[in-house]
Amino acid sequence: MQSFPMFIKTTGRTVVVLGDGEQAAQKCRLLLKSDADILLLGDHPDDELLSMIKQGRIRQQAGQISRASFETATIGFIATGSPAADVCIHAIAKDAGLLVNVVDRPELCDLTTPSIVDRDPVVVAIGTEGNAPVLGRRIKTQIEQMLDPSVGRFAEAVGRLRGMVARYVPQSQRRAFWREVFVGQIWQTFKRGSERDAIQRLKAQIMGEHPASQVAQVTLIDSMSGQADMISLRGVERLQEADEIFYEQESDQAILELARRDAERNLLGSVTSDHTWPIRSRISFIRQAAKPGRNIVWISNCDNSETTSNLGAFTTDPAINFEVISTVPRVFATKAAIRDPSVVG
């Protein structure tokens, strides 16, 4: 990546938009979704911008542009519609130490505005580093169709109960608790329109008993030699739920990109080669980590008969709930390999 994706807090911060016309209005419309203090630098704002100014939604500052014009700003958008003026103003803003976005000039941008799916406070931002804005908008459309319109209201409602959860749900059980809230009956009830009923159920569930899990979840994900694009949806879900992940080769890094960022990670082999530990050592190490209530993921190549013949250590242990998740049906992989030997390792 040449750009790092992140969200910037706008509370108490000034964002400068420089321009008078439609491009500047577009940026102001976007920024008005936030609580930023929006300062328009322009002498002759169009009707839409004038309306925003009269309504007190943005501020205007006319006159000559200088270094001082940007001194209170956190970021700036340059949208004059004139390529020559954009270049000149960009130089002034950079001299003032500002991070800037210049409309339709990616080579001058420190920041780019992504395509946004807004279910406030749930926000999805899609960027292409300025390479393919149309593709970004297409992906936005697909995500818009995926996300229920009420998911933002649900996130906001449960967010108000986080303090209550912290008081009544033991820390070791909170992630499992929230997982059930967001995929179970409470969410289903909420999105059907029974929002008050859903929140009442959630409060009752928070105040109820929370018995500790007596078993560990261990999931073996067939690695197919590190091919992340062959991991099933269920496999991705397990990676996102993992407390600890064990992997055997550096080539598995592509799969680890799909995992929960704060999960512990352990390489069961050598950093400098594809050599892995003996199978019994690997299994012993994983079993030690499989404490009650923990979610463990083991990434391994299930083509290895030594691995599959030793899985009884998990399947016969009553304290472990064990599952194997294949990437794709082996027959599909075989057919793919005939067309392209690089498909399988």
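Note that this is a predicted model, so its numbers are computed, not measured. (Residues numbered from 1 in each chain as written. Predicted model: local features only at pLDDT ≥ 70, side-chain atom pairs only at ≥ 80, totals over all residues. Heavy atoms only, no water.)

Undergrad: Lay out the overall build of the protein chain in plain terms, naming residues and giving numbers.
TA: Scanning the protein chain for helices and strands turns up 15 helices and twelve strands. Rg of the C-alpha trace for the protein chain: 26 Å, well past the compact-globule value of 20 Å for 345 residues, more than 25% over. Its C-alpha atoms give the protein chain principal-axis dimensions of roughly 80 × 55 × 35 Å. Taking all 345 residues of the protein chain together, 39% fall into the buried category. For the protein chain, long-range pairs separated by at least 24 residues make up 58% of all intrachain contacts whose partners lie at least 6 apart in sequence. With the model as given, the accessible surface of the protein chain reaches about 19700 Å², and the carbon-plus-sulfur share is 52%. With 40 positive and 42 negative side-chain charges, the protein chain shows a spacing of 6 Å between the two charge centroids. (Helix = DSSP H or I, 4+ residues; strand = E, 2+ residues; numbered from the N terminus. Rg over C-alpha atoms; globule rule 2.2 N^0.38 Å. Buried < 20%, exposed > 50% of the residue type's maximum accessible area, 1.4 Å probe, protein only. Contact = heavy atoms within 4.5 Å. Areas by Shrake-Rupley, 256 points an atom, 1.4 Å probe, with all protein chains shown as cover. Lys, Arg positive; Asp, Glu negative; His and termini not counted. Charge placed at Lys NZ, Arg CZ, Asp CG, Glu CD.)

Undergrad: Tell me what's going on with the nonpolar core, and back it up with residues and numbers.
TA: Core analysis: the largest hydrophobic core is formed by 18 residues, its most contacted members being Phe154, Phe177, Val181, Phe190, Leu202 and Ile206. What Phe190 contacts, discounting residues up to four positions off in sequence, is Ser150, Arg153, Phe154, Ala157, Glu195, Ala198 and Ile199. (Core = buried A, V, L, I, M, F, W, Y, C linked by side-chain atoms within 4.5 Å.)

Undergrad: Talk me through the packing of aromatic side chains; I want residue IDs and the actual numbers.
TA: Counted by the stated rule, this structure contains ten aromatic pairs. Here the aromatic rings of Trp277 and Phe285 are separated by 5.4 Å at their centres, their planes lie at 75°, and the arrangement is edge-to-face. Judged by its relative accessible area of 30%, Trp277 is partly exposed. For Phe285, a relative accessible area of 32% corresponds to the partly exposed category. Their ring planes at 10° and their centres at 5.1 Å tell us that Phe314 and Phe322 sit as a pair that is stacked. Look at Phe314 and you get buried, because its relative accessible area is 0%. On the basis of relative accessibility, which here comes to 16%, the residue Phe322 falls in the buried class. Aromatic rings pair up to connect Phe154, Phe177, Trp178, Phe182, Trp187 and Phe190 into one cluster. (Phe/Tyr/Trp six-rings, centres within 6.5 Å; stacked < 30°, edge-to-face > 60°.)

Undergrad: How would you sum up the sheet that holds strand β11 (residues 295-300)? Please name residues and give values.
TA: Taken together, five strands build an open sheet; the order of strands is β10-β9-β11-β8-β12 and the sheet is parallel. Both edges of this open sheet fall to β10 (264-267) and β12 (320-325), since each of them pairs with a single strand only. Strand-to-strand twist in this sheet, taken as the mean axis angle between neighbours without regard to direction, amounts to 15°. Note that strand β8 (residues 216-222) and β12 share six bridges and pair parallel. Following the sheet pairing, Ile221 is matched in β12 by Ile325. The strands touched by helix α10 (residues 233-241) within the sheet are β8, β9 (244-247), β11 and β12, with β12 carrying the most contacts at an inclination of about 135°. (Pairing = 2+ DSSP bridges. Axes fitted to C-alpha atoms, helices over the stretch in contact; angles between N-to-C directions.)

Undergrad: So what's going on with unusual backbone geometry? Residues and values would help.
TA: The phi torsion of most residues other than glycine is negative, and most of the peptide bonds are trans. Omega for the bond connecting Asp120 with Pro121 falls within 30 degrees of zero, at 10°, which places this linkage in the cis form. Its location among the elements puts Pro121 in the loop between β6 (115-119) and β7 (122-126). Phi is positive for Asp104, close to 65°, though the residue is something other than glycine. With respect to the secondary-structure elements, Asp104 resides in the loop between β5 (99-102) and β6. When its relative accessible area of 66% is taken as the criterion, Asp104 is described as exposed.

Undergrad: Could you give an account of helix α2 (residues 47-54), naming the residues involved and the relevant values?
TA: By the N-cap criterion, in which a side-chain oxygen at the helix start approaches the backbone nitrogen of a residue two or three places on, α2 is capped by Asp46, the distance to Glu48 being 3.3 Å. Just beyond α2, the residue with positive phi is Gly56, at close to 75°. (Polar contact = N/O pair within 3.5 Å; in protein donor to acceptor, adjacent residues only side chain to side chain.)

Undergrad: Got a sec to walk through the sheet that holds β5? Specific residues and values, please.
TA: Taken in spatial order, the five strands line up as β3-β2-β1-β4-β5 in an open sheet, and their pairing is parallel. Strand pairing shows two members of the sheet lacking a second neighbour, β3 (59-61) and β5, which therefore form its edges. Strand after strand, the sheet turns through a mean of 25° between neighbouring axes, direction not considered. Of the strand pairs in this sheet, strand β4 (residues 73-78) and β5 are connected by four bridges, and their pairing is parallel. Paired with Ile75 across the two strands is Leu99, which belongs to β5. Taken strand by strand, helix α3 (residues 83-95) contacts β1 (14-18), β4 and β5, and its axis lies near 170° from that of β5.

Undergrad: A description of the side chain of Ser300 should follow, citing residues and the corresponding values.
TA: Turning to its location among the elements, Ser300 is positioned in strand β11. Exposure remark for Ser300: the relative accessible area of 1% places this residue in the buried category. Engagement of the side chain of Ser300 in a polar contact is seen with the side chain of Glu248, the distance being 3.1 Å. Residues within four places of Ser300 in sequence aside, it is in contact with Leu220, Ile221, Asp222, Ser223, Glu248, Arg282 and Thr307.

Undergrad: So, the pattern of salt bridges: which residues are in play, and what are the values?
TA: Enumeration according to the criterion identifies 21 salt bridges in this entry. Put simply, Glu144 and Arg119 hold a salt bridge, and the shortest N to O gap is 2.7 Å. Residue Glu144 is found in helix α4 (residues 133-146), and its partner Arg119 is found in strand β6; the two are separated by 25 residues along the sequence. Assessed through its relative accessible area of 26%, Glu144 is described here as partly exposed. Each of the salt bridges in this network shares a partner with another, and the network as a whole consists of Arg179, Arg234, Arg238, Glu241 and Glu323. (Salt bridge = Lys/Arg side-chain N within 4 Å of Asp/Glu carboxyl O.)

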